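Results of the structural survey
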Amino acid sequence: MLKIYNSFSSKIEDFEPFDPPVVKIFICGPTLYDYTHLGHARIFLTYDLLCRFLKTRGYKTDVLVNMTDINQSVFNKAIVQGIDYHTLSQFYSNEFIKDLDLLNIKTIARFAHVSDYVKNISKHISSLIEKRNAYSANGNIYFDTKTIKDYGKLSKQSRKQLNLHRMDIGPNKKNQEDFMLWNCSEDFGFSWKGDFGKGVPWWHIQDSSVVIENFGLHYDVHGGADELAYPHHEAHLAQYKAMTDLETPVKIWMHVSLVLSKGEKISKSRGNVVLARDLVTKYGQNLLRLYLFSTHYRKEIDYNEKNLLRNKSFLKKIQQTSLRASHKTSEDISALIQEFYASLGNDLNSPKALNFLEKICTKALKNSNISIEDFTRIMDTLGLRI
RNA sequence: GGUGAGGUGGCAGAGCGGCUAUGCGUUCGCCUGCAGAGCGAAUCUAUAGGGGUUCGAAUCCCCUCCUCACCUCCA
């Protein structure tokens, strides 16, 4: 039904959720200090496609997205603008939701703002200290990565390599690669109380707490951008294992590749950011979907406007097909429809699926037929609004 | 140094064992007072290099060369 590449095992695996027919998916969400750009859009559209496909196979999806409002970048921008960090993050949170709507992403069931979870985070840190997975050094709390046997496996790094990273630098850390859970040493002008001291919950533990509060001891898919594999996902997995006492609390680690521009990563520091809303306004979400889905999710996309526009004629063909859709699907097209879904089922091979869709359209416009029902189902799967 | 993704026609970009996409471009028609847009048709027969597997490879295996990204906050 669905084969999917698991970054943890580096293999394409048969997908079987813990509690079928429900599929629990966690997606690393936005840090709330700026608008959604094309790279973010690709991430959420990919999981939207995954969910829509899973639904056609009889699954029910439960998607959780964390909304990072406690974060250095948020604090910094709030200071620059002279406003409360919460006001700032709330603004971008609303804008994010608007962007998802523009992108026709309706598959996300829960949004979890980290600031609503600080008490839980503190509780979980206390318990990690108790279990000796975490320790205090110079007031800060760190996770002892040596307590996790195969730490580094997800990001495919040896202990030696991990040791080279200058991770969350501070005095008296047990291991160079240990990461911070609770920051007590910096003054942000505000702090929260934990049993272990006043401070700010740090990056990685936020997701783990959000996940365990919402999903409990296990879930099926952990998603996010490729670049999050280290240190973020590695750290999250270590914490989550310690919290759940399970060896495999997450079935599939699914990483979406980056969007580049002129061969370079899209990022604010390089000044080549393209906002999702601008693209949707200018070209429409249909075109954007066709463009992004015509590259496999594990492959980088080098964005340029020309390539996006190339899908125009394809979109037109789809629109013409919709006008020609009839009451019955002919056999040759029926076979192609099967191939369309089979392609998606094979590690979400959307470019191949689109190829079949194009063949379907070509035939339907010549001498074959596709039923309105079959056609609509394909559109729904891809999230196209024709 | 480590990890991952790639190298396809003039260009962009799919296909991932046999049916050789698609788009841009180019050329020719139709349309038009001209131009553009639009429509129709034709055109380019490609797969980094070298071995191998196979009846058959762009597609699988090995070697070489090259490109890019990530490994620090970034999605």
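Cut-offs applied
- Residues numbered from 1 in each chain as written.
- Chains lettered and ligands numbered in written order.
- Predicted model: local features only at pLDDT ≥ 70, side-chain atom pairs only at ≥ 80, totals over all residues.
- Heavy atoms only, no water.
- Pairing = 2+ DSSP bridges.
- Helix = DSSP H or I, 4+ residues; strand = E, 2+ residues; numbered from the N terminus.
- Axes fitted to C-alpha atoms, helices over the stretch in contact; angles between N-to-C directions.
- Buried < 20%, exposed > 50% of the residue type's maximum accessible area, 1.4 Å probe, protein only.
- Right-handed = clockwise from strand over helix to strand, strands pointing away.
- Domains from an automatic or database assignment.
- Buried area = accessible area lost by both parts, 1.4 Å probe.
- Salt bridge = Lys/Arg side-chain N within 4 Å of Asp/Glu carboxyl O.
- Polar contact = N/O pair within 3.5 Å; in protein donor to acceptor, adjacent residues only side chain to side chain.
- 1 Å grid on protein atoms, 1.4 Å probe; cavity = no way out; pocket = protein on both sides within 12 Å on 5 of 7 lines; lining within 4 Å.
- Points joined across faces, edges and corners; volume = space filled by probe spheres on them.
- Nonpolar A, V, L, I, M, F, W, Y, C, P; charged D, E, K, R; others polar.
- Near = heavy atom within 4 Å.

**Quick notes on the sheet that holds strand E5 (residues 110–113)**
With parallel pairing, the five strands of this open sheet are ordered in space as E5-E4-E3-E11-E12. Either end of the sheet is taken by a strand with one partner, and the two such strands are E5 and strand E12 (250–256). Shown here is a sheet whose adjacent strand axes are inclined to one another by a mean of 20°, direction ignored. Of the pairings in the sheet, the one linking strand E4 (residues 60–67) to E5 comprises four bridges and is parallel in character.

**Quick word on the sheet that holds strand E13 (residues 259–261)**
With mixed pairing, the three strands of this open sheet are ordered in space as E14-E13-E15. A strand with exactly one partner marks an edge of an open sheet, and here the two such strands are strand E14 (264–265) and strand E15 (301–303).

**As for the environment of Ser-313**
By the element assignment, Ser-313 lies in helix H11 (residues 312–324). You can call Ser-313 exposed: its relative accessible area is 52%. Considered as a pair, Ser-313 and Leu-287 are 26 residues apart in the sequence and their alpha carbons are 9.9 Å apart.

**With respect to the pairing of E12**
Where a strand is regular, its side chains alternate between the two sheet faces. The buried fraction of E12 is high, at six of seven residues. Of the crossover connections in this fold, the one passing from strand E11 (residues 219–225) over helix H7 (residues 229–244) to the parallel E12 is right-handed.

**Remarks on the domain arrangement of chain A**
When the parts of a complex come together, some accessible area is lost, and that lost area is often used as the size of the interface. Segmenting chain A into domains produces domain 1 (3–260) and domain 2 (311–386). For the domain 1 and domain 2 pair, buried surface summed over both sides reaches about 1200 Å², with 61% attributable to carbon and sulfur atoms. Where domain 1 meets domain 2, there are zero salt bridges. Linking domain 1 with domain 2 are six residue pairs in polar contact (both at pLDDT 80 or more). The biggest single contributor to the side of domain 1 that touches domain 2 is helix H1 (residues 38–56), with six residues.

**Examining the layout of surface pockets**
It is a probe the size of a water molecule, rolled over the atoms, that shows where empty space is left. Considered as a void within the structure, the largest pocket measures approximately 1000 Å³ in volume. Taken together, 43 residues make up the lining of the largest pocket; nearest its centre are Thr-31, His-40, Trp-203, Glu-227 and Leu-228. Considering only residue class, the lining of the largest pocket consists of 19 nonpolar, 18 polar and six charged. Each pocket or cavity is described by its volume, and for the second largest pocket that value is around 180 Å³. Looking at the lining of the second largest pocket residue by residue, the class counts come to three nonpolar, four polar and three charged.

**Things to note about the pattern of salt bridges**
According to the stated counting rule, one finds 20 salt bridges in the structure shown. Lys-174 is the partner of Asp-144 in a salt bridge, and the nearest nitrogen-oxygen pair spans 3.7 Å. Taken together, the positions of Asp-144 in the loop between strand E7 (140–143) and helix H5 (159–164) and Lys-174 in the loop between H5 and strand E8 (180–183) put the pair 30 residues apart, joining distant regions of the chain. Owing to a relative accessible area of 53%, Lys-174 belongs among the exposed residues under this scheme.

**Considerations on the protein's contact with RNA strand B**
Near RNA strand B there are 36 residues, and of these His-165, Trp-203, Ala-225, Asn-307 and Lys-316 occur at the shortest range. A share of 77% of the atoms of RNA strand B within 4 Å of the protein falls on sugar and phosphate groups. The contact in question runs from a phosphate oxygen of RNA strand B to an N or O atom on the side chain of Lys-352, over 2.5 Å. Among the elements of the structure, H1, H7, E13, H11 and helix H13 (350–366) are those that each provide at least two residues to the surface near RNA strand B. Of the residues forming the surface near RNA strand B, the biggest block, four residues, is contributed by H13. Its residues assigned to classes, the surface near RNA strand B comprises eleven nonpolar, 15 polar and ten charged.

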